[in-house]
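# Structural overview
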Amino acid sequence: QLQSKILILTICAAGIGGTFQYGYNISVINAPTSYIQTFMNETWLERTGVPLESSVVLLLWSFTVSAYPLGGLTGAVVAGPMAIMLGRKMSLLLNNVFVIAAAVLSGFSRMAKSFEMIMLSRFFTGVNAGVSMNIQPMYLAESAPKKLRGAVAMTSASFTALGLVLGQVVGLRELLGGEESWPFLLASNVVPALIQLTALPWFPESPRYLLIDRGDEESCISALQKLRGNSDLSAELEEMLAEQAAVKGQRAKNPWELFQSPALRWQVLSIVVLSSAMQLCGNDSMYFYAAYVFQEAGIPQDKIPYVVIGTGSCELITSVTCNMIIDYAGRRPLLLGGYILMAGWAIVFMVALSQQSRISWMPYLSMACIFAYILSFGIGPAGVTGVLPTEVFDQKSRPAAYMICGSLIWFNLFLVGTAFPFIVKSLSHFCYIPFLVVCICTALYVGFFLPETKGKSFLEISEEFKKQNFKAQTRAGFYKGPEEIRSTML
C-alpha cells in the first residue's frame with residue numbers, strides 16, 4: 001500500500017523539523033546549564049575585569065531560558081498569516097531558516113566570546129517551535145482521511161515527546177553534554193532542520209488548503225491522489241466542496257474576530273480552556289522536581305540524568321499509545337481521564353512530599369507519582385489539545401484559532417516557568433494545589449461542555465457547536481442571525 005506509506009512519510013517529514021524541534025530544544029538546554037553560566041561569568045570577567053555576582057549570573061540565565069517561550073509566542077502569532085499566505089507546507093519549510101540561524105549563533109558563541117548570541121539563538125529556536133506547533137497539526141489533520149484524522153494530527157505530540165527524549169540522551173556527558181562540547185549540543189538542532197528541508201518538498205500540500213483557500217481544484221485532486229491512491233475520492237471531495245461552499249465569499253478571519261463572533265463562542269472558549277490547562281496543569285513542573293525527588297530517593301547524583309530520561313520516555317510511550325487509540329476511544333474520554341488522573345496523583349504527590357523526611361519509603365512514592373503524572377498527561381491532554389483547533393473550526397477560522405491556542409500555550413509556559421519557583425517558596429510541599437485546581441476545573445469543563453468530534457466531518461462538528469452556540473435563542477424561538485444563513489448558503 002504505497003499510499004499509506006506516503007501519508008506516513010509525510011507525517012515523518014513534517015514532524016522531524018516540526019514539533020520534534022520543540023521537545024528537543026526544551027530538554028537540550030538542561031544539560032549545559034552550569035557550563036553556560038560559567039561561560040557568562042568568564043566572558044564578563046574578560047570584558048570588564050570584574051566577575052559577575054551569582055545573582056546576576058542567575059538573572060542572565062533566566063533571560064536566556066525565557067527567550068525561548070518569548071520566541072514561541074512570536075512564532076505562534078506569525079504562524080497564522082504564514083499558513084494563509086504561504087500555505088501549510090511552504091510555511092513549515094521556511095520555518096527552518098530560524099533554526100539554522102539559531103544553530104549558527106549558538107555554535108559560534110564560544111568562539112565569538114558572546115553569551116548574547118546564545119540568548120538570541122534561544123529566541124530564534126522559540127520562533128521555530130511556535131510556528132511548527134501551530135502549522136504542523138493543521139497541515140497533518142487537513143491531509144488525513146476522516147477516520148484517521150485524530151491519530152495523524154496526534155503524531156505532533158509523539159514527535160514532541162521523541163524530541164524531549166532525544167534531547168535528554170544527546171545531552172548526556174558521554175555524548176554532547178560535556179564541558180567542551182556544549183556549543184555543538186546547542187547547534188545540533190540544525191540536523192532535523194536539514195532532514196526536513198530535503199524530505200518535505202517531495203510531499204503534497206494540504207488538499208483542503210489548495211481547494212478552499214486557493215480555489216485550485218486540480219492541485220487538490222492531485223494531492224489527494226498522492227495521499228489516498230486509487231481509493232474512491234468522490235465522497236471526500238464532495239465534503240470539501242460543501243465546506244468550500246459554506247465559507248464562500250469569506251476571507252480568513254483574524255483572532256479578535258473569533259472572540260466577537262457569537263457563532264464561535266463555545267469553540268473559542270473550549271480552545272482557551274484546554275490550551276491554557278495544557279501548560280497550567282503542572283506537567284512541565286514535574287520535570288523541575290524530578291532531579292530533587294530522585295536524589296531524595298537515594299539515587300546517586302551522577303546516575304540521575306539516566307533516570308530523568310525515563311520520565312521523557314514515559315511521555316513518549318503514552319503519546320504513541322494514545323495515537324493508536326484516539327480514533328477508537330474518542331477525544332473526550334482521553335482528556336477527561338487524563339485530567340482526573342492528574343488531579344488524583346497531584347494529591348498523592350503533595351502528601352508524599354510532606355511526609356518525605358518522616359517515612360522512609362515516601363521518596364519512592366513521590367518518584368512513582370512523577371512517572372504516573374507524566375503518563376496521565378501523555379494519555380490525553382498532551383496530544384488531544386493540539387488536534388481540537390483543527391476539528392472545531394472551519395478552514396477560514398483555523399489559522400486564527402491556532403494563533404490564539406499557540407499564544408496561550410507559550411504565554412502560560414512563560415508564566416509557569418517564572419512563577420513556579422515562587423510558588424514552591426511560599427507553599428513548599430503543597431506547591432501542587434494551584435495545578436490541582438486547574439486539573440479539576442478542566443475535567444469539569446470537558447465533562448459538561450465539550451462535544452465529541454471523533455469520526456465526524458468538519459461540517460458535522462460545526463453543526464453540533466452551532467446547536468450549543470444558539471441554544472438560548474432556539475429555546476426562545478429567536479431569529480438565528482446571518483451567521484447561520486451564510487454557512488448554509490450554496
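Residues numbered from 1 in each chain as written. Predicted model: local features only at pLDDT ≥ 70, side-chain atom pairs only at ≥ 80, totals over all residues. Heavy atoms only, no water.

### Considerations on the overall build of the protein chain
Assigned secondary structure in the protein chain consists of 25 helices and zero strands. Relative to the globule expectation of 23 Å for 490 residues, the C-alpha radius of gyration of the protein chain, 23 Å, shows essentially globular dimensions. By its C-alpha atoms, the protein chain is 70 × 50 × 45 Å across when sized along the principal axes. Each of the 490 residues in the protein chain was classed as buried or not, and the buried ones make up 56%. Long-range pairs, those at least 24 residues apart, make up 82% of the contacts in the protein chain with a sequence separation of at least 6. By element, 69% of the accessible surface of the protein chain is carried by carbon and sulfur atoms, the whole surface being about 20600 Å². Once the 34 positive and 32 negative side-chain charges of the protein chain are each reduced to a mean point, those two points are 5 Å apart. (Helix = DSSP H or I, 4+ residues; strand = E, 2+ residues; numbered from the N terminus. Rg over C-alpha atoms; globule rule 2.2 N^0.38 Å. Buried < 20%, exposed > 50% of the residue type's maximum accessible area, 1.4 Å probe, protein only. Contact = heavy atoms within 4.5 Å. Areas by Shrake-Rupley, 256 points an atom, 1.4 Å probe, with all protein chains shown as cover. Lys, Arg positive; Asp, Glu negative; His and termini not counted. Charge placed at Lys NZ, Arg CZ, Asp CG, Glu CD.)

### Topic: helix 7 (residues 116–143)
The end-to-end C-alpha separation of helix 7 is 40 Å, in line with the 40 Å expected for 28 residues at 1.5 Å each. Counting buried positions along helix 7 yields 24 of 28 residues, so the element is predominantly enclosed. (Expected span 1.5 Å × (residues − 1).)

### Quick look at the packing of aromatic side chains
The way to describe two aromatic rings as a pair is by their centre distance and the angle between their planes. All told, the structure shown has 15 aromatic pairs when counted by the stated rule. Ring centres of tyrosine 68 and tryptophan 410 lie 5.6 Å apart, and the angle between their planes is 80°; on these two criteria the pair is classed as edge-to-face. In this pair, tyrosine 68 sits in helix 4 (residues 54–85) while tryptophan 410 sits in helix 21 (residues 398–427), placing the two residues 342 residues apart along the sequence. Of the two residues examined, tyrosine 68 and tryptophan 410, each falls in the buried class. Of note, arginine 122 hangs over the ring of tyrosine 68, and the distance from its end group to the ring centre comes to 4.6 Å. Directly above the aromatic system of phenylalanine 458 lies the positively charged group of arginine 398, at a separation of 4.6 Å from the ring centroid. (Phe/Tyr/Trp six-rings, centres within 6.5 Å; stacked < 30°, edge-to-face > 60°. Lys NZ or Arg CZ within 6 Å of the ring centre and 35° of its normal.)

### A few points about the domain arrangement of the protein chain
Assigned domains within the protein chain: domain 1 (1–203) and domain 2 (253–470). Taken together, the contact between domain 1 and domain 2 spans 41 residues of the former and 44 residues of the latter. Both sides of the domain 1 and domain 2 interface together cover about 3400 Å² of buried area, and 68% of this is carbon and sulfur. Of all residues in domain 1, Arg149, Met154 and Gln168 bury the most surface against domain 2, accounting for 18% of the area lost on that side. Counting the contacts that link domain 1 with domain 2 gives two salt bridges. For arginine 398, the salt bridge goes to glutamate 142, with nearest N and O atoms at 2.7 Å. Our count for the contact surface shared by domain 1 and domain 2 stands at nine residue pairs in polar contact (both at pLDDT 80 or more). (Domains from an automatic or database assignment. Buried area = accessible area lost by both parts, 1.4 Å probe. Salt bridge = Lys/Arg side-chain N within 4 Å of Asp/Glu carboxyl O. Polar contact = N/O pair within 3.5 Å; in protein donor to acceptor, adjacent residues only side chain to side chain.)

### Quick look at the packing of helix 8 (residues 149–170) against helix 20 (residues 381–392)
Helix 20 packs onto helix 8 with a crossing angle of 125° between their chain directions and a minimal axis gap of 8 Å. As far as their axial angle goes, helix 20 and helix 8 are oblique. Considering how the two elements wind past one another, helix 8 and helix 20 form a crossing that is right-handed. The segment helix 8 lies against helix 20, with Arg149, Gly150, Ala153, Met154 and Ala157 engaging Ala382, Gly383, Val384, Val387 and Glu391. Taken together, the residues that form the contact of helix 8 with helix 20 break down as six nonpolar, two polar and two charged. (Axes fitted to C-alpha atoms, helices over the stretch in contact; angles between N-to-C directions. Parallel < 35°, antiparallel > 145°, perpendicular 65-115°, else oblique. Left-handed = near helix turned anticlockwise from the far one by under 90°. Nonpolar A, V, L, I, M, F, W, Y, C, P; charged D, E, K, R; others polar.)

### Description of the packing of helix 18 (residues 331–354) against helix 20
Direction vectors running N to C along helix 18 and helix 20 enclose 140°, while the axes themselves pass 10 Å from each other. As for the relative orientation of helix 18 and helix 20, their crossing is left-handed in sense. Where helix 18 approaches helix 20, its residues Arg331, Leu334, Leu335, Gly338, Tyr339 and Met342 are matched on the opposing element by Pro381, Val384, Thr385, Leu388 and Glu391. The residue inventory of the contact of helix 18 with helix 20, partitioned by class, reads seven nonpolar, two polar and two charged.

### Some words on the pattern of salt bridges
For the structure on display, the rule yields 15 salt bridges. Residues joined by salt bridges that share partners form a network here, namely Arg88, Glu142, Asp213, Lys396 and Arg398.

### A short note on the nonpolar core
The biggest cluster of nonpolar side chains holds 74 residues, and the ones touching the most others in it are Tyr339, Phe349 and Tyr432. The element that contributes the greatest number of residues to this core is helix 21, accounting for ten residues. Shared between two domains, this core takes at least three residues from each, and those domains are domain 1 (1–203) and domain 2 (253–470). The residues contacting tyrosine 339, other than those within four sequence positions of it, are Leu274, Ala277, Met278, Cys281, Pro381, Cys439, Thr442 and Ala443. By size, the runner-up hydrophobic cluster in this structure holds 42 residues, among which are Ala79, Leu92, Ala144 and Phe203. (Core = buried A, V, L, I, M, F, W, Y, C linked by side-chain atoms within 4.5 Å.)

### Some thoughts on the side chain of threonine 10
You can see threonine 10 is positioned in helix 1 (residues 2–16). Judged by relative accessible area, threonine 10 falls into the buried class, the value being 1%. Of note is the side chain of threonine 10, whose polar atom sits 2.7 Å from the backbone oxygen of isoleucine 6. Contact partners of threonine 10, with chain neighbours within four places excluded, come to Tyr139, Leu140, Phe203 and Leu227.

### Describing a negative patch on the surface
A contiguous patch of negative charge on the surface is contributed by Glu42, Glu46, Glu179 and Glu180. Considering the arrangement of structural elements, one finds glutamate 46 in helix 3 (residues 33–48). Exposure remark for glutamate 46: the relative accessible area of 57% places this residue in the exposed category. (Patch = residues over 30% accessible without salt bridge, like charges linked within 9 Å, V, L, I, M, F, W, Y side chains within 5 Å.)

### Topic: the confidence of the model for the protein chain
Summary statistics for the protein chain give a mean pLDDT of 88 and a share of 95% for residues scoring 70 or more. The weakest mean pLDDT in the protein chain belongs to helix 25 (residues 482–488) at 35; the strongest belongs to helix 6 (residues 96–107) at 97. When the criterion is pLDDT under 50, residues 476–490 qualifies, and its contacts beyond four places in sequence or with other chains add up to 15 contacts. (pLDDT = per-residue confidence, 0-100.)

### Thoughts on the side chain of asparagine 469
Along the polypeptide, asparagine 469 turns up in helix 23 (residues 458–469). Given a relative accessible area of 3%, asparagine 469 falls into the buried group. Residue contacts for asparagine 469: discarding those within four places in its chain leaves Pro262, Ala263, Leu264, Arg265, Trp266 and Gln267.

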